[in-house]
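Structural features, examined
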Amino acid sequence: MGSRKKGFDDYGDRISGLPDAMLCHILSFLPTKEAASTTVLAKRWKPLLAFVPNLDFDDSFCFNPPRTYEETRYSSVSFIGFVDSVLALQAKTKAPLKRFHVKCENVVDQYSVLDWIPKVLKRGVLDIYLDIPSSSGFCENSSFYPLPSKMFESKTLVRLKIQFEDGVYIHVKRGVSLPKLKTLHLDYFKIETSTFNKLLSACHVLEELVLVNLMWDEDSEPEPCPVTVSIPTLKRLKFCRYEDCYEANFHEYEDYDEDKEGVSLSFDTPNLVYLEYSDAIVDRYKQVSFDSLVEANLRLRKAPNQTETDKTNVTKLLTGIRNVRILYLTDDSLKVLSCCRERLPVFNNLIELTIKTTPYVGWKLLPPLLKSCPSLETLVFEGLHHKDSNRCGDKDGCLCQYDNNWGVKMDVRTCLSSSPVKVVKILKFGETFDGDDDDDDDDDDDDDEDVGSCDDVADVVEEQIEHVKHFIEKMPDLEQVILYYDTPNDQDVMKVFKKLQMLPRVASANCNVQIKSKNLSLTSTSTKRGTLL
């Protein structure tokens, strides 16, 4: 025992013997609260926190979850005090700071959070991330906190992410200079169009731009400027306007005047590879250029004061993304594009198309869309819902199999018989919708109609099987159909599989049909003679 104890003592505390720079590097990987707790280990560790280059504050690591109003108040004050003490300690050393992250689950004083920004900017911080919850009920003024102007004059910032649930307001009095910024994320913010242009024009090396819940400040800027997103280095763009702002801004206008309302938008990003765009179609697209686009996700909506029959001005937007290879369209986008003023452009490079469907939107757009995709290989349906309507005739256009006036099934969809699609995927097969769904509004080609028996799971499945059979029977190049059936009941999967085995005929020489659920994966092969192997 004696010799073993002596051997242990000979090793000593090797970690404390490491150089200060290495110890600080090790501490930088810990949440700052845990890094601070190391000061109780020995005198050797006490001064190290002042030199840690990465600060990560998370109130869930610091304190027990508050249960009462008083505990929440105390937790907030304690968390603010802890961050203040760490920043004050580091300010004395003037050591460089790389990362400053603050993530809160509990209510904090948001003005105190904003006061931290100039302090870390003085330290030459490279990365700022703030995720702050709403202070509603704890603060009299809990809406659109003004971000410090100095944040947009940093010569060192590389990454900036700001998310305040109560929103932030961006107004820059002087010039903007962000020469090293590569990533900019802003979630729920209000800004003037002139300030927006000034901000983006100062980001010369920006590669990723995420703008979520964007609101134009129309109160201080009655006449908006044309907005331009022109960044040659930009590779990823997420541009999502705040949805609820349209009712607030346009409800007072009985007649919508496109020439007077809206903001003129220009996108000139020749090296962009990914685009996520969500907006109401109230703007005018002056220029749209996405020459290198690989993937796009579109959620286009109409403003509340626009009727379902209003023609939409999205041709220039669609033409700008015509080189895309992977495209995702929401059900709202189907409505908007169905009312497009001009013919759809040809998407020569598009190889994968995903369409989200609901029981409240018809498929009027799909035939012209498929005809505009001569290279399409994979067609994905997120849900396989079709609006219950007796007007899906050839005159109105639809992708489904429809009845003529005598109740006879008609198959005249040349977009299917000439389609080059090889793979059809059905996500959320068998999904049902409640009749009171918020999306239950008038479709672009129908009057007020019931969504049918969507609450009946069996009826939904039967209807969707008919659509699948229609695709298999009409698409000549189809090689694979995959149904993702989200059901815990294996018998449901077997029933669908057996019904697909009864196909009378198929268009392609060989078509592999696969059903995937949580527990099962079943595969069969349909030949052109209609037998399953």
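What counts and how
- For every chain, the first residue of the written sequence is number 1, and numbering continues from 1 along that sequence.
- The predicted nature of this model means local features are confined to residues of pLDDT at least 70 and side-chain atom pairs, given and counted, to a pLDDT of 80 or more, with totals for whole chains, interfaces and linings taken over all residues.
- The side-chain numbers reported here are obtained from all heavy atoms of the structure, hydrogens and water having been left aside.
- A run of H or I in DSSP becomes a helix once it reaches four residues, and a run of E becomes a strand once it reaches two; helices and strands are each numbered from the N terminus.
- Throughout this description, buried means an accessible area under 20% of the type-specific maximum (1.4 Å probe, protein chains only), exposed means over 50%, and partly exposed covers the range between.
- The Shrake-Rupley method, run with a 1.4 Å probe sphere, supplies the accessible areas, and residue values consider only the shown protein chains as cover.
- For helices, the axis comes from a line fit to the C-alpha atoms of the stretch in contact; other axes are also lines fit to C-alpha atoms, and the angle between any two N-to-C directions lies between 0 and 180 degrees.
- By definition, turning the near helix anticlockwise from the far helix through less than a right angle yields a left-handed crossing, and turning it clockwise yields a right-handed one.
- Only heavy atoms matter for contacts: two residues are in contact if any of them lie within 4.5 Å across the pair.
- What the arc covers is the set of directions going from the helix axis to the C-beta atoms.
- Two N or O atoms count as a polar contact when they lie within 3.5 Å, although within protein this holds only if one can serve as hydrogen donor and the other as acceptor, and sequence-adjacent residues are included solely when both atoms are side-chain atoms.
- Two strands pair if DSSP finds at least two bridges between them.
- Paired rings are identified among Phe, Tyr and Trp, the last through its six-membered ring, by centres lying within 6.5 Å, and are further divided according to the angle between planes into stacked (under 30 degrees), edge-to-face (over 60) and tilted (the rest).
- Over a ring means this: the NZ of a Lys or the CZ of an Arg is within 6 Å of the ring centre and within 35 degrees of the ring normal.

**So, the overall build of the protein chain**
A count of helical and extended segments in the protein chain gives 14 helices and 22 strands. Going through the 533 residues of the protein chain one by one, you find that 50% of them count as buried. Of the roughly 26,100 Å² of accessible surface on the protein chain, a fraction of 49% belongs to carbon and sulfur atoms.

**Focus on the packing of helix α13 (residues 457-474) against helix α14 (residues 490-500)**
Two elements in contact, α13 and α14, have axes separated by 11 Å at closest approach and are oriented at 35°. The interaxial crossing formed by α13 with α14 has right-handed handedness. Across from Val461, Glu462, Ile465, Val468 and Lys469 in α13, the residues of α14 making contact are Val496, Lys499 and Leu500.

**Observations regarding α14**
Of the residues making up α14, those classed as buried are Val493, Val496, Phe497 and Leu500. Looking straight down α14, one finds that the buried residues subtend no more than 100° of arc, so they occupy a single side. Exposed positions of α14 whose direction lies more than 90 degrees from the buried face are Gln491 and Lys495. N-cap assignment for α14: the residue whose side-chain oxygen lies 2.9 Å from the backbone N of glutamine 491 is asparagine 489.

**Considering the sheet that holds strand β8 (residues 227-229)**
Sheet architecture is open: three strands sit in the order β8-β10-β12, paired in parallel fashion. Because the sheet does not close on itself, it has two edges, and the strands there are β8 and β12 (284-289). Each strand of the sheet is rotated relative to its neighbour by a mean of 5°, with strand direction disregarded. In this structure, β8 lies alongside strand β10 (residues 264-268), joined through three bridges in parallel fashion. Of the residues in β10, the one forming a bridge with threonine 228 is serine 266.

**Looking at the packing of aromatic side chains**
This structure, assessed with the given rule, holds 16 aromatic pairs. Aromatic side chains phenylalanine 239 and phenylalanine 267 sit 5.6 Å apart centroid to centroid with 90° between the ring planes, which places their arrangement in the edge-to-face category. Taken together, the residues phenylalanine 239 in strand β9 (residues 236-241) and phenylalanine 267 in strand β10 connect sequence positions 28 residues apart. Assessed through its relative accessible area of 0%, phenylalanine 239 is described here as buried. A network of ring pairs unites the aromatic residues Phe239, Phe267, Tyr277, Tyr285 and Phe290 as a single cluster. We note lysine 190 situated over the ring of phenylalanine 144; from NZ or CZ to the ring centre the distance is 4.5 Å. The ring of tyrosine 274 has arginine 236 sitting right over it, with the charged end atom 4.3 Å from the ring centre.

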